[in-house]
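Here is what each chain is made of, one letter per residue.
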Amino acid sequence: MVLLPARRALLAAGRRWLPSHYAPAAARPSSGEPESEGPGRDTALLRHLLLKLRATGPVTVAEYMREALTNPAQGYYTRRGGIGESGDFITSPEITQVFGELIGIWFVSEWIATGKPKAFQLVELGPGRGTLTDDMLRVFNQLASLLSKCDVSIHLVEVSPKLCEIQARQLTGGKVQSNSEDNSAYMTGVSKTGIPISWYRDIRDVPPGYSFYLAHEFFDALPIHKFQRTEKGWREVLVDIDPQVPDQLRFVLSPSHTPASEIFIQPEETRDHVEVCPEAGVIIQRLASRIEEDGGAALVADYGHDGTKTDTFRGFRDHKLHDVLTAPGTADLTADVDFSYLRKMAQGRTATLGPIKQREFLKNMGIDVRLQVLLQNSRDTATQKQLLHSYDMLMNPEKMGDCFNFFALLPHQRLVHPDKKHKQESKSPLPPVAGFSELLMK
């Protein structure tokens, strides 16, 4: 095995937000809880991994991530899922309600643009604490007269027992019902505004039908394979026991090609280090197939790149960078989303838009207008300062404005009339897609 430079991934560009110095007086509540196992201590999951590595040898980074994040007994999302000011990271919906409101408006805009179907499902992948869904539900309630003839339902894909409990409290007040194993939804309830909500463990369990899909900071947490170009060709980065310190882990290179390196590295690749997320590709294929068959759209919001970055694998704990190989199960592990890979995996089943920077998307959605309304309606100086601070966090290019990107999957007919070549003159212009162009305010 070839040893890789120690902890090089911690120096990768980009990070999960929020910065450690950010502590707003009026921050939204957090689900973070103290853990007995600290970032510098031995953990039950580390002991499990050491036994596994001694028995089987090195594992892929993807397998290591899967264990660290979703191990049924000791995985980070299974036990902790620290979102919020006192957790390990804060997402855009936790900063201000405006973010979620604008996302809700995006889906309503697309519903209108496609002729106001009689029903739509809003499906969120990895809904965190449920804050984003809650903000969107408030928008739907405010637009109740517009949606009065539409049957709206919420479908949440969540594997974490801890987070689904938090979501249920946030969205229904805890009034939910557990279902039998033969039911595709393991839990159901009704929102505080009367909209049915169902929980699933897999996107394949969500019923078919006209649907809007949302993946906000979802793809970045899916397991990745890492590859390094060497003089002998491409080699996969693996995780192994450090022989010098037997209770610690290290990165090594595979001695030869692996099945993953044969499959995922393209002949035209020019980078020397590549990260590939096969699970993201599979999910995009499923979303594209559903949209092609049933209509709707998918909106992806995440930090990432368009096939240009290399080593982005990193960990976060308490809003600080955390060594990805230390105390597995106690920190969030993440990697930038490769939007060029997502586009490729759509395989032409749908059209794609983006990625575009978050600040461009939110500006097109009317965040400046919304901010001015909130400032005018607020007479509290502290609240006004918080609104301006939250706006700066979302829009500043040095903060989240350029770090996060938006990407969409849409039916081809949403962008181009099916018979454009033959009857272009008889068709009215298709409405622009909000966010990726300026929202037409009415």
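Residues numbered from 1 in each chain as written. Predicted model: local features only at pLDDT ≥ 70, side-chain atom pairs only at ≥ 80, totals over all residues. Heavy atoms only, no water.

Draft legend 1. Quick look at the nonpolar core. Ranked by size, the top nonpolar core spans 63 residues in total, and within it Leu-125 and Phe-219 carry the most contacts. It is helix α9 (residues 278-294) that provides the largest number of residues to this core, a total of six residues. Counting 59 residues, the second largest nonpolar core, distinct from the first, contains Val-139, Tyr-186, Cys-403 and Val-433. (Core = buried A, V, L, I, M, F, W, Y, C linked by side-chain atoms within 4.5 Å. Buried < 20%, exposed > 50% of the residue type's maximum accessible area, 1.4 Å probe, protein only. Helix = DSSP H or I, 4+ residues; strand = E, 2+ residues; numbered from the N terminus.)

Draft legend 2. Layout of unusual backbone geometry. Residue Pro-355 follows Gly-354 across a cis peptide bond; omega there is 10°. Assignment of secondary structure puts Pro-355 in strand β18 (residues 351-357). Even without being glycine, Lys-116 reaches a positive phi, approximately 55°. Looking at the element boundaries, Lys-116 is found in the loop between α5 (97-113) and β3 (119-125). Overall, Lys-116 belongs to the partly exposed group, its relative accessible area being 42%.

Draft legend 3. Representation of the environment of Leu-51. Checked against the element boundaries, Leu-51 lands in helix α1 (residues 44-56). Note: C-alpha distance between Leu-51 and Ile-241 (190 residues apart in sequence) is 9.9 Å.

Draft legend 4. Spotlight on the pattern of salt bridges. Counting across every chain of the model gives 21 salt bridges. Between Asp-336 and Arg-314 there is a salt bridge whose closest N-O contact spans 2.7 Å. Taken as a pair, Asp-336 in the loop between β16 (332-334) and β17 (337-338) and Arg-314 in strand β14 (residues 314-317) lie far apart in primary sequence, 22 residues in all. Per residue, the accessibility class of Asp-336 equals that of Arg-314, and both read buried. Three or more residues joined by partner-sharing salt bridges are found here, namely Glu-101, Asp-135, Arg-138 and Arg-370. (Salt bridge = Lys/Arg side-chain N within 4 Å of Asp/Glu carboxyl O.)

Draft legend 5. Structural detail: the sheet that holds strand β15 (residues 320-322). Sheet architecture is open: three strands sit in the order β15-β14-β16, paired in antiparallel fashion. Only two strands of the sheet have a single neighbouring strand rather than two, namely β15 and β16. Sheet twist, expressed as the average angle between the axes of neighbouring strands with direction ignored, equals 40°. As judged from the three bridges shared by β14 and β16, these two strands associate in the antiparallel manner. (Pairing = 2+ DSSP bridges. Axes fitted to C-alpha atoms, helices over the stretch in contact; angles between N-to-C directions.)

Draft legend 6. Summary view of the pairing of strand β9 (residues 225-230). As paired elements, β9 and strand β12 (residues 273-276) share four bridges and run antiparallel to each other. Opposite Gln-228, over in β12, you have His-273 as the bridge partner. Strand direction decides the pairing type here: β9 and strand β10 (residues 233-242), joined by four bridges, are antiparallel. Paired with Thr-230 across the bridge in β10 is Gly-233. What sits between the antiparallel neighbours β9 and β10 is a turn of two residues.

Draft legend 7. Region of interest: the packing of α5 against helix α12 (residues 367-377). Two elements in contact, α5 and α12, have axes separated by 11 Å at closest approach and are oriented at 130°. By the criterion of interaxial angle, the relationship of α5 to α12 is oblique. The way α5 lies across α12 gives a crossing that is right-handed. Counting all contacts with α5, which are made through Gln-97, Val-98, Glu-101 and Leu-102, the residues of α12 involved are Ile-367, Arg-370 and Leu-374. Here the residues of the contact of α5 with α12 sort into four nonpolar, one polar and two charged. (Parallel < 35°, antiparallel > 145°, perpendicular 65-115°, else oblique. Left-handed = near helix turned anticlockwise from the far one by under 90°. Contact = heavy atoms within 4.5 Å. Nonpolar A, V, L, I, M, F, W, Y, C, P; charged D, E, K, R; others polar.)

Draft legend 8. Main features of the confidence of the model for the chain. With 85% of its residues at a pLDDT of 70 or more, the chain shows a mean pLDDT of 88. Taken together, the stretch residues 5-37 has pLDDT below 50 and engages in 102 contacts with residues farther than four places along the chain or on a different chain. Counting contacts from residues 84-88, a segment whose pLDDT is below 50, to residues more than four positions away or on other chains yields 26 contacts. (pLDDT = per-residue confidence, 0-100.)

Draft legend 9. Representation of the packing of aromatic side chains. Scanning the entire structure with this criterion turns up 13 aromatic pairs. Arranged with centres 5.5 Å apart and planes meeting at 40°, the rings of Phe-107 and Phe-212 form a pair that is tilted. Placement of the pair is Phe-107 in helix α5 and Phe-212 in strand β8 (residues 211-216), with a sequence separation of 105 residues. Both residues of the pair, Phe-107 and Phe-212, belong to the buried class. A connected cluster of aromatic rings, assembled from ring pairs, spans Trp-106, Phe-107, Trp-111, Phe-120, Phe-140, Tyr-210 and Phe-212. Its end group placed over the ring of Tyr-186, Arg-201 keeps NZ or CZ at 4.1 Å from the ring centre. (Phe/Tyr/Trp six-rings, centres within 6.5 Å; stacked < 30°, edge-to-face > 60°. Lys NZ or Arg CZ within 6 Å of the ring centre and 35° of its normal.)

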